[in-house]
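Geometric and topological summary
Each chain is listed here by its residues.
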Number of protein chains: 2
Amino acid sequence: MTHTREIPRDTTDLDIPNRLLLGPGPSNADPRVLQKMSVPLLGHLDPVFLTLMNRIQELLRYTFETTNPLTLAVPGTGTAAMEAAVANLVEPGDRVLVCVNGYFGMRISEMARRYGADVRVISKPWGQVFSLDDIRQALAARQEKLVALVHAETSTGALQPLEGIADLVHAQDGLLLVDAVTSLGGLPVSVDRLEVDACYSGAQKNLSCPPGLSPLTFSPAAEARLQNRHSPVTSFYLDLTLLGKYWGAERQYHHTAPISTAYGLFAALRLVAEEGLEQRWERHRFFARRLWEGLQGLGLEFHVPEAHRLPTLTTVCIPQGVDDLLTRQKLLQEYGIEIGGGLGELKGKVWRIGLMGYNARQESVDRLLDALRFLLGK
Amino acid sequence: MTHTREIPRDTTDLDIPNRLLLGPGPSNADPRVLQKMSVPLLGHLDPVFLTLMNRIQELLRYTFETTNPLTLAVPGTGTAAMEAAVANLVEPGDRVLVCVNGYFGMRISEMARRYGADVRVISKPWGQVFSLDDIRQALAARQEKLVALVHAETSTGALQPLEGIADLVHAQDGLLLVDAVTSLGGLPVSVDRLEVDACYSGAQKNLSCPPGLSPLTFSPAAEARLQNRHSPVTSFYLDLTLLGKYWGAERQYHHTAPISTAYGLFAALRLVAEEGLEQRWERHRFFARRLWEGLQGLGLEFHVPEAHRLPTLTTVCIPQGVDDLLTRQKLLQEYGIEIGGGLGELKGKVWRIGLMGYNARQESVDRLLDALRFLLGK
């Protein structure tokens, strides 16, 4: 038993500094949410925990604006919810159209390929969005079983309009999948009204909850697709039939729910419902406009024109002569503020500034603008 | 926008009762761990968070008793770690032997099938364990690329001896996968000494951390298997090459880490290292013996003979004439104590009593025995 002594172990604690998280996520969790993360655990089949799961489902339906029965939180981060949506709706050989105008569209297409889909990609430069005509043309060229779009591209700051797309997709018996990671809780997602078939999000953006449980909803048509699969879903962990039986009346054991994060998500969704979606959307718009005005005042330019600019995530062009990394490091070390660098083709070209959930408030705008004013020498 | 108002929303809070969790898991989180769950979030690429990830890796190596470079926490529950191990080591058509003597062995075999393996199962009645001869005979009949065993079967309470198995498996170039969900941190797992190639666990058992991040380690041989795959891993979320690049020097973005749970896991692993593995194992043995003596004093019988009985999870036979569900309900509602019912073929036959991590202490033993004494009319 001397063996274990050979492996070094440093048991000292680590100081966690206070940060204002204004990057692409995680955003700061609401203090009222954080507080719930320390509540003692319940068993994952405790009657009180099952009630809490029901309440989370109800509040997720409110937040997604849907009555979909199959609405739950996937036990993982937003990427797990993305994979759950793709893995359950795709069978080997299925035709899938992915509209790619940023990093997360690419990720969806990669996942669909891994699950054996016959993937076709249509592309736009990062920061632009697809028109109804773009989708119409693509669907005229080939019938698709699934069409995937990113509502709010976290890598570009662009807001993809969704009006009318479902009609085109449904006209050829396809299903519409929408990534709402950076939109849910910050701007309208309107799953039922827009007839979206599969939609998912993350907890750590506009919901202001720590990451680890991710909202997902499937329309009855998507659920039917799931029930009529010819092959089992390769992933057991993300199999929505099994997840649905744990969240549904059967309460069939599938995994040990992330209990603490479920407490947090419940608290976060209650705060969304207490504020009201419309008020919450308006708050995000209001402080985004204040941020934009301030950034313009500093002479900064935007990567995305206002018509398609996300209120929750703004991409600003890094001014010529300014050191990307150094400026972000100073922001973090000297001002305690995190903003994001560019991803993929926007690396080194833009900064990504999030005003999400709890952080969509005056203090965030003021602190960031003050710091940037100093760092940019304005 | 009247739409959202039609969806009912109940924003009242829910009282979370205090429970003593003596079931198969989750076990109570250590209060010192819970406290860390409320610490404000860091970004998942913040230098301080990256240091915390490094520290988690070091402490996981200590806990697994390994020097494996590829040692990390999978962003999901124990089932996610199980799937990560299987999905990354199995390619379509690979021969896999799964030794099934309980529910979780079955689950491994199901996962291996989903990922396309040519699965062979050898079985034992639930509660029994495999001998070296069992494994030798099975491997003589067919060469296997992967052999999977459950070290501590959470469904039966049986402890599978591991000595000597790796030699048999490695002799034919196979890899050994071991499920240590209910053993890690409570009894020796000794990954390096026993030459285990893939091993994983959960956070919410003997580590006394909330679930949501799950320890996993791959030997250099398992890592080589991963690097030499002919096909990509179907799951993107659980692709260990990608996860390894986030946990490794590249820090390549893959997912947004469950930050709060990472704080919790770090605190939990520090407590393991402060106590020391040997002391911790001895504490689990000590209080398990006290529990066993007490249960015997109440006239209860054990499902697993002492030679193979887990210290962390005890299965006791439900006495004739005692109502399983009613007794457990009373334990929960009147005494605030959760124990587990039987799973699968042991449903209605046994209770599962966990003394894991923080809960392996005198108070747990006393409270449970007092309550059972009263409920069983002894």
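Being a predicted model, the structure only gives us computed values, none of them experimental.

So, on to the packing of helix α4 (residues 78–89) of chain A against helix α5 (residues 103–114) of chain A. Residues and elements named next belong to chain A. It is at 10 Å that the axes of α4 and α5 come closest, and there the two elements cross at 45°. On the basis of the axis angle, α4 is oblique to α5. Considering how the two elements wind past one another, α4 and α5 form a crossing that is right-handed. Of α5, the residues touching α4 (which contributes T79, M82, E83 and V86) are F104, R107, I108, M111 and A112. Within the contact of α4 with α5, the residues separate by chemical class into 6 nonpolar, 1 polar and 2 charged.

All names here are of chain A. One open sheet accounts for 7 strands, arranged β2-β8-β7-β6-β5-β3-β4; its pairing is mixed. Of all strands in the sheet, those with a lone pairing partner are β2 (71–74) and β4 (118–123), marking the two edges. Mean inter-strand twist for the sheet, computed between neighbouring axes without regard to direction, equals 20°. Taken together, the 3 bridges between strand β6 (residues 175–179) and strand β7 (residues 198–200) define a ladder with parallel strand orientation. When the bridges of β7 are listed, V178 appears paired with C199. Each of β2, β7 and β8 (214–218) touches helix α3 (residues 47–64); the most contacted strand, β2, lies at about 105° to it. Each of β6 and β8 touches helix α8 (residues 220–227); the most contacted strand, β8, lies at about 85° to it.

Residue and element names in this part refer to chain A. Two strands pair when backbone bridges link them, and strand β3 (residues 95–100) and β4 are joined in this way by 6 bridges, in the parallel orientation. Its bridge partner being in β4, R95 is matched across the sheet by D118. Crossover handedness for the path β3 to α5 to β4: right-handed.

Before going further, it helps to examine empty space enclosed by the protein. The rolling of a water-molecule-sized probe over the atoms marks out the regions of remaining empty space. Counted according to the given criterion, the structure contains 2 cavities of 30 Å³ or more. In this structure, the largest cavity occupies an estimated 70 Å³ of space. Taken together, 13 residues line the largest cavity, and the ones lying closest to its centre are F49(B), L213(B), W247(B), A257(B) and A262(B). Ranked by residues supplied to the lining of the largest cavity, first place goes to helix α3 (residues 47–64) of chain B with 3 residues. Residue classes in the lining of the largest cavity are distributed as 12 nonpolar, 1 polar and no charged. The space that makes up the second largest cavity amounts to roughly 50 Å³. F49(A), M53(A), A73(A), L213(A), Y246(A), W247(A), H255(A), A257(A), P258(A) and A262(A) are the residues that line the second largest cavity.

Further remarks concern unusual backbone geometry. All names here are of chain A. In the segment running from G25 into P26, the intervening peptide bond is cis, with an omega of 5°. Along the chain, the position of P26 falls in the loop between β1 (20–21) and α2 (31–36). At S208, a residue that is not glycine, the phi angle is positive and equals roughly 60°. Mapped onto the elements, S208 comes out in the loop between β7 and β8.

What follows concerns the interface of chain B and chain A. In this assembly, 91 residues from chain B lie in contact with 90 residues from chain A. Across the chain B/chain A interface, buried area totals approximately 7800 Å², and carbon plus sulfur atoms make up 61% of it. Counting the surface chain B buries against chain A, the share from its top three residues, L41(B), R114(B) and F236(B), is 10%. Where D239(A) meets R114(B), a salt bridge forms, and the shortest distance between an N and an O atom there is 2.9 Å.

The subject of this paragraph is the relation of the copies chain B and chain A. Two chain copies, one operation linking them: a rotation about an axis together with a shift along it. Once chain B has been moved 0.0 Å along the axis and rotated by 180°, it coincides with chain A to within an RMSD of 0.0 Å. Here the transformation between the copies is reduced to the relation of a two-fold axis.

Side-chain pairs of opposite charge can arise whenever the charged atoms involved come near each other. Residue and element names in this part refer to chain B. Applying the stated criterion across every chain, the model contains 46 salt bridges over all chains. Notably, a salt bridge pairs D118 with R142, separated by 3.2 Å at the nearest N-O pair. Residue D118 is found in strand β4 (residues 118–123), and its partner R142 is found in the loop between α6 (132–141) and β5 (146–150); the two are separated by 24 residues along the sequence. For D118, a relative accessible area of 33% corresponds to the partly exposed category. With a closest N to O distance of 3.1 Å, E363 and R361 form a salt bridge.

Calculation rules
Residues numbered from 1 in each chain as written. Chains lettered and ligands numbered in written order. Predicted model: local features only at pLDDT ≥ 70, side-chain atom pairs only at ≥ 80, totals over all residues. Heavy atoms only, no water. Axes fitted to C-alpha atoms, helices over the stretch in contact; angles between N-to-C directions. Helix = DSSP H or I, 4+ residues; strand = E, 2+ residues; numbered from the N terminus. Parallel < 35°, antiparallel > 145°, perpendicular 65-115°, else oblique. Left-handed = near helix turned anticlockwise from the far one by under 90°. Contact = heavy atoms within 4.5 Å. Nonpolar A, V, L, I, M, F, W, Y, C, P; charged D, E, K, R; others polar. Pairing = 2+ DSSP bridges. Right-handed = clockwise from strand over helix to strand, strands pointing away. 1 Å grid on protein atoms, 1.4 Å probe; cavity = no way out; pocket = protein on both sides within 12 Å on 5 of 7 lines; lining within 4 Å. Points joined across faces, edges and corners; volume = space filled by probe spheres on them. Buried area = accessible area lost by both parts, 1.4 Å probe. Salt bridge = Lys/Arg side-chain N within 4 Å of Asp/Glu carboxyl O. Least-squares fit on C-alpha atoms with pLDDT ≥ 70 in both. Buried < 20%, exposed > 50% of the residue type's maximum accessible area, 1.4 Å probe, protein only.

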